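Survey of secondary and tertiary structure
Letter by letter, the chains look like this.
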Amino acid sequence: MNYFSSDFKLGILGGGQLGKMLLYETRKYDIYTLILDPSNEAPSKIACNEFYQGDLMDFDTVYEFGKKADVLTIEIENVNVDALEKLEDEGKKVFPSPKTLRTIQNKATQKLFYKDKEIPTADFTRFAYTSEIQAAVRNKTLDFPFVWKSARFGYDGQGVKVVKSYSDLDALPNVECIAEEMVPFKNELAVIVARNPDGQIAVYPVVEMEFHPEANQVEYVICPARIEESVAEEAQRIALKVSESFNHVGLLAVEMFQTENDTILVNEVAPRPHNSGHYSIEASYTNQFEQHLRAILNLPMGSTQSKVAGIMVNLVGAEGYQGPVVYENIEEILKLDGVTPHIYGKKETRPFRKMGHVTIVNEDMTEARKVAQKVKETIQVISK
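Residues numbered from 1 in each chain as written. Predicted model: local features only at pLDDT ≥ 70, side-chain atom pairs only at ≥ 80, totals over all residues. Heavy atoms only, no water.

**Considerations on the packing of aromatic side chains**
Let me state the cut-off plainly: Centres within 6.5 Å make a pair out of two Phe, Tyr or Trp rings, where for Trp the six-membered ring is used; the pair is then stacked when the planes are under 30 degrees apart, edge-to-face when over 60, and tilted otherwise. Only DSSP runs of H or I with at least four residues qualify as helices, and only runs of E with at least two residues qualify as strands; both kinds are numbered from the N terminus onward. Should the NZ of a Lys or the CZ of an Arg lie within 6 Å of a ring centre and within 35 degrees of the ring normal, that charge is described as sitting over the ring.
Taken as a whole and assessed by the stated rule, the structure comprises 10 aromatic pairs. Ring centres of Tyr52 and Phe65 lie 5.8 Å apart, and the angle between their planes is 70°; this geometry places the pair in the edge-to-face category. With Tyr52 in strand S3 (residues 50-53) and Phe65 in helix H2 (residues 59-67), this residue pair connects regions lying 13 residues apart in the sequence. Through pairs of rings, three or more aromatic residues link up here, namely Tyr3, Phe4, Phe8 and Tyr29. Between Lys68 and the ring centre of Tyr52, over which it is positioned, the NZ or CZ distance is 4.9 Å. Sitting over the ring of Tyr220, Arg369 keeps its end group 4.2 Å from the ring centre.

Here's what the structure looks like:
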């Protein structure tokens, strides 16, 4: 099929920053794009060929949108899977598959999938409602502390809470959830795997993630991860197994824990471009967004090698600020070598909202990390 400068139409469900960055690549290839997003101010609106405003969870909206495209993909998991299944049954190409999406959308079914496929993951208990957890603790089938995770609609630190006492439980919504064993880990890692329908696979280097202690959000993504080669190989092996188990087409980001004794446990996955791969725009031969495009269109996979060491710093809304966004001191970081800001196009900031990221590239990882620290300390996402 001719995708380039042709009548071919790619439909993307979701118009946030991931969609916007994917559109950098579709424009490079002159691929015609359609976007569906609930917000009329979605970051992707400026870069697509056709923009539709609508609810991603509404069956009819997603179904009617899907009929306009030749191939459908997502930049967010929370979409109406029933509509995607109907479109797939009618012969529409949908990547990732609705079956995979259905499993991943619910953290409980995702964890059960890992157990079923013998993929290492932290032990957990599934609950229909948070209120059932109190009885489990009283009956000694569950002990404090543990990690509470909402089964659905959690993201970026939302829907995840470390529970140390009964009072911590009181603040949680009464929803389907899991209680996960607290894993003593020394690193959080991620591996991105890309796969096309022909089965060609590309695996990115292991990245290491440094988290903000309160917001439960990634502050730095460091590539390559500062870990032993044997640990990196094991992380990539497990990520490949996860991708194969899902029979996944497109990009799959596999987030993992490296425990104190160097065991690798899968935390969760995202079947789309991911925060942990943003460094690749500047640091890799083929960035994650181009790779996702190559995968879903069944084109040859690109090289996942890094040209240089890359570090990504998330730009999130500063605490205490809400309103029209101002990027304070952005001129200062632009004076630094190897620094590239990516501004997502969200007009309103609020505490911890993802507003952009900055990539730092350098031949020397230690130097890159120093510059990343300076970037973090210099730029502020505030409001007028």
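**A look at the UniProt feature "binding site: ATP" (unreviewed entry) in the protein**
This is how it is decided: UniProt positions are given in the numbering used here, feature names are shortened, and annotations may be inferred rather than shown by experiment. Residues count as neighbours in contact if any of their non-hydrogen atoms are within 4.5 Å of one another. Relative accessibility under 20% of the residue-type maximum defines a buried residue, over 50% an exposed one, and the middle range a partly exposed one, all with a 1.4 Å probe and only protein chains included.
Mapped onto this structure's residue numbering, the UniProt feature "binding site: ATP" (unreviewed entry) falls at Lys107, Lys149, Glu180, Glu181, Met182, Val183, Glu188, Asn267 and Glu268. Structurally, Lys107 is set in helix H5 (residues 107-116). Ignoring anything within four residues of it in the chain, the contact list for Lys107 reads Lys149, Ser150, Ala151, Gly154, Ile178 and Glu268. Inspection of the secondary structure assignment puts Val183 in the loop between strand S9 (177-181) and strand S10 (185-195). Note on Val183: relative accessible area 16%, which makes it buried. Residues contacting Val183, with those up to four places away along its chain left out, are Ala122, Thr259 and Leu265.

**Description of the side chain of Asn287**
In plain terms, the rule: Within 3.5 Å is the distance limit for a polar contact, defined as a pair of N or O atoms, with the added protein rule that one can donate a hydrogen and the other accept it, and that residues adjacent in sequence qualify only through two side-chain atoms.
The topology assignment puts Asn287 in the loop between helix H9 (280-283) and helix H10 (288-296). Exposure remark for Asn287: the relative accessible area of 7% places this residue in the buried category. Looking at Asn287, its side chain comes within polar contact range of the main-chain nitrogen of Phe289, at 2.8 Å. Ignoring sequence-local partners within four residues, the contact set of Asn287 consists of Glu25, Tyr204, Ser280 and Ile281.

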